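# Remarks on the overall topology
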Amino acid sequence: MALRSERLDFISICTGGGGLDLGLELAVPGARAVCMVEREAFGAARLVSAMEDGLLAPAPVWSDARTFAGRRWRGCVDGLIGGIPCQPHSVAGKRRGSADDRDLWSTARRIVVQSGAWFVLIENVPGMLSSSDPDLRSGGERVWRDLQRLGFEVEGGLFSAAEVGAPPGRERVFHLPMA
């Protein structure tokens, strides 16, 4: 699937240290986060430090995805990326999916709609493919279904760090829908 822009501006939610952002910037020259959303103070401080060091493009950092207003970004962004919290889906937890207060998929979906994003990249743990959700077989299926209902063509898969030459052991699920 090819991204179709010389410049690709995106909102990054649950940004952490900016690894997903850097990966997209490496894969798609001209891609850049124009706004980041990171709740953890340590992660936000790392983002600011990376911006000051010239490793990330300068961008505002918002502290809470639940209060983030996506409408302000309509017409200004092409997409949304994020590694939404894994605890609702992790095999190390209770795997309550959307019933877990930490689940941010509904928040991410709201921001996608409000911002008018035409591409979305969501990353999570493999447990998302099998976590229990009240209405579905898995959290991954909920993400897939919701994105299709929004008019996106969705592609996704389970990938490991070893596939790109990094130390093995970290598999991740990626959903990449495009309008």
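What you see is a predicted model, and the numbers here were worked out from it, not measured in a lab.

## Considering the overall build of the protein chain
Counting secondary structure elements, the protein chain contains four helices and seven strands. Counting helices and strands in the order they occur from the N terminus, the protein chain gives β-α-β-α-β-β-α-β-α-β-β. Relative to its full complement of 179 residues, the protein chain shows a buried share of 46%. Within the protein chain, counting contacts between residues at least 6 apart in sequence, those at least 24 apart form 68% of the total. Total accessible area on the protein chain is roughly 9,300 Å²; 53% of this is exposed by carbon and sulfur atoms.

## Overview of the nonpolar core
Membership of the largest hydrophobic core comes to 24 residues, with the highest contact counts inside it found for I11, I13, L80 and I84. Sort the elements by how many residues they give to this core and helix 3 (residues 105-115) lands first, with four residues. When neighbours within four sequence positions are excluded, I13 is seen to be in contact with V37, L80, I81, G82, G83, I84, A108 and I111. Listed in part, the 16 residues of the second largest apolar core include L8, A31, L47 and L56.

## Describing the pairing of strand 5 (residues 119-124)
Of all six residues making up strand 5, six are buried, and the element is well covered by its neighbours. Residues F119, L121 and E123 line one face of strand 5 and the alternating positions V120, I122 and N124 line the opposite face, and both faces are buried. Looking at chain direction, strand 4 (residues 79-82) and strand 5 are connected through four bridges and run parallel. In the sheet register, I81 faces strand 5, and the bridge partner there is L121.

## Quick word on the pairing of strand 4
Alternating residues of strand 4 divide into G79 and I81 and L80 and G82, and every residue in both groups is buried. Relative to strand 4, strand 1 (residues 8-13) runs parallel, the two being bridged by four bridges. Across the sheet, residue I11 finds its bridge partner in strand 4, namely L80.

## Structural notes on the confidence of the model for the protein chain
The share of residues in the protein chain with pLDDT of 70 or more is 77%, and the mean pLDDT across the chain is 83. The least confident element of the protein chain is strand 7 (residues 171-178), whose mean pLDDT is 68; the most confident is strand 1, at 97.

## Some remarks on unusual backbone geometry
In terms of backbone geometry, most residues other than glycine have negative phi values and most peptide bonds are trans. Look at C14: it is not a glycine, yet its phi comes out positive at around 50 degrees. Within the secondary structure, C14 sits in the loop between strand 1 and helix 1 (19-27).

Cut-offs applied
- Residues numbered from 1 in each chain as written.
- Predicted model: local features only at pLDDT ≥ 70, side-chain atom pairs only at ≥ 80, totals over all residues.
- Heavy atoms only, no water.
- Helix = DSSP H or I, 4+ residues; strand = E, 2+ residues; numbered from the N terminus.
- Buried < 20%, exposed > 50% of the residue type's maximum accessible area, 1.4 Å probe, protein only.
- Contact = heavy atoms within 4.5 Å.
- Areas by Shrake-Rupley, 256 points an atom, 1.4 Å probe, with all protein chains shown as cover.
- Core = buried A, V, L, I, M, F, W, Y, C linked by side-chain atoms within 4.5 Å.
- Pairing = 2+ DSSP bridges.
- pLDDT = per-residue confidence, 0-100.

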